[in-house]
Amino acid sequence: MRLPPPKKDGVFAAKISMKSVVVIWLICLPILMIGCGEDNGERITGTSEPQKIAFTSNRGGNKDIYVMNADGTDVVNLTNHPAKDLYPAWSPDGKKIAFASDRSEIPDSQFDIYVMNADGTDLINLTNHPASDLYPAWSPDGKKIVFASDRREGLASEFDIYLMNTDGTGLINLTNNLTSDVFPSWSPDGKKIIYTSFRDGNDDIYMMNVDGTNPINLTHHPRSDSFPVWSPDSGKIAFGSDRDGCDSIFVMGSEGAHPINLTNFTIGNYSPAWSPDGRKIAFTSFRDGNDEIYVMDADGSHLINLTRHPDGDSFPAWSP
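Worth saying up front: this structure is predicted, and the values here are computed from it rather than measured.

A.B. asks: Please explain the environment of Lys96 as it appears in this structure.
C.D. replies: Checked against the element boundaries, Lys96 lands in strand 7 (residues 96–101). The partly exposed category is assigned to Lys96, whose relative accessible area is 33%. Between the alpha carbons of Lys96 and Thr121 there is a distance of 9.4 Å; along the sequence they are 25 residues apart. With residues near it in sequence (within four places) discarded, Lys96 still touches Ala89, Trp90, Ser91, Val115, Met116, Asn117, Ala118 and Trp138. There is a polar contact of 3.0 Å between the side chain of Lys96 and the side chain of Asn117.

A.B. asks: Help me out: how do you make sense of the pattern of salt bridges in this one?
C.D. replies: Once their charged atoms are close, side chains differing in charge can pair, the charge on each being opposite to the other. Within this structure, the stated rule accounts for ten salt bridges. Put simply, Asp74 and Lys52 hold a salt bridge, and the shortest N to O gap is 3.9 Å. Here Asp74, found in the loop between strand 4 (64–69) and strand 5 (76–77), pairs with Lys52, found in strand 3 (residues 52–57); they are 22 residues apart in sequence, far enough to count as distant. Residue Lys52 is classed as partly exposed on the basis of its relative accessible area, which comes to 29%. The partner of Lys280 in a salt bridge is Asp297, and the shortest N-O contact between them spans 2.7 Å. In this pair, Lys280 is assigned in strand 23 (residues 280–285) and Asp297 in strand 24 (residues 292–297), connecting sequence segments 17 residues apart.

A.B. asks: How should I be thinking about the packing of aromatic side chains in this particular structure?
C.D. replies: Remark: the centre distance and the inter-plane angle together describe each pair of aromatic rings, the angle taken between the planes. Scanning the model with the defined rule gives 13 aromatic pairs in all. Geometrically, the ring pair formed by Tyr135 and Phe183 is tilted, given 4.3 Å between the ring centres and 45° between the ring planes. Highlighted residues: Tyr135 in strand 10 (residues 133–138) and Phe183 in strand 14 (residues 181–186), separated in sequence by 48 residues. Judged by its relative accessible area of 5%, Tyr135 falls in the buried class. For Phe183, a relative accessible area of 7% corresponds to the buried category. Taken together, Tyr87, Tyr135, Phe183, Phe227, Tyr270 and Phe315 form an aromatic cluster joined through their ring pairs. The side chain of Arg151 reaches across the aromatic face of Tyr162, ending 5.7 Å from its centre. Against the face of Tyr294 rests Arg287, its NZ or CZ located 4.9 Å from the ring centre.

Rules and cut-offs
Numbering of residues begins from 1 in every chain and follows the order in which that chain's sequence is written. The model is predicted, so local features are restricted to residues of pLDDT at least 70 and side-chain atom pairs to those at 80 or more, both for listing and for counting; the totals for chains, interfaces and linings are taken over all residues. Excluding hydrogens and water, the side-chain figures rest on all heavy atoms present in the structure. Where helices and strands are cited, they refer to DSSP runs of H or I of at least four residues and of E of at least two residues respectively, numbered from the N terminus. We call a residue buried when its accessible area falls under 20% of the maximum for its residue type, exposed when it is over 50%, and partly exposed in between, using a 1.4 Å probe and counting protein chains only. Residue contacts are counted whenever heavy atoms from the two residues lie within 4.5 Å of one another. Polar contact is the term for a pair of N or O atoms within 3.5 Å; when the atoms are in protein, one must be able to donate a hydrogen and the other to accept it, and sequence-neighboring residues count only if both atoms are side-chain atoms. Salt bridges are identified by distance alone: a Lys or Arg side-chain nitrogen within 4 Å of an Asp or Glu carboxyl oxygen. Two rings from Phe, Tyr or Trp (for Trp, the six-membered ring) form a pair when their centres are within 6.5 Å of each other. A pair whose planes differ by under 30 degrees is stacked, one over 60 is edge-to-face, and the rest are tilted. In our convention, an over-ring charge means Lys NZ or Arg CZ found within 6 Å of a ring centre and within 35 degrees of that ring's normal.

Okay, structure coming up:
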């Protein structure tokens, strides 16, 4: 499932299996419960990873960027702002976090890409544009950021993948496509970018060169495939898909071969994120009746609910 781009008022417009619907984030995922299996994941307590996980949460009354230990402890609100702050992404050195926010003072602006220190200080607006700029992802060398934006004139609500320097300069449109391209992710060697595209009439995972050339459809499936992210060793791609009837986390080879369902038909699973050693995958799940951050081994075993909070927690991002 591809979550639709957020608008200023919190309303989304989605393209799912050739249909357009308008939904609110807080109620869109319960719909996915219909016809899905029960949660049969193992519950254990605690992990040993020293890394942090950043995520989006509305537990403070609106959506902010939070960070916690990889075992779910020591949760800290980094942004603490009345605006909506979404989609955190760590820099490769772990010192900064990029994210999208609608806090801009530009009239009629939607979302911009911001960057801050990993402790929430020294906030900088990188894009400063009235369009919606979303889903930032850092290049492995930390010198570039890709993101999705609907800023191209004449194609309202259609998103392209853009590339810029980490200070916001040198903006380039990489896709220039008539339908939406979203959720970019860099290959660990910095040579390729994977992303979600609707160009074939449904959401598929595409791969292109970092200059936007040679786009290739990796999934070629009639159902929705989205949220792609490369494993640290470049050998696999995790993604979300409803191809088995429910939104599940899948893993496939880096060229699209042999997709495997890791979450076993449980409900509302999306936005996977690999641990730095490639042994675990964090993701968002609605299986408990609201969005929670879960973590599992890379083969789908040893499932843990990290957040266990009555408000929504989503879009995990593992620190380096």
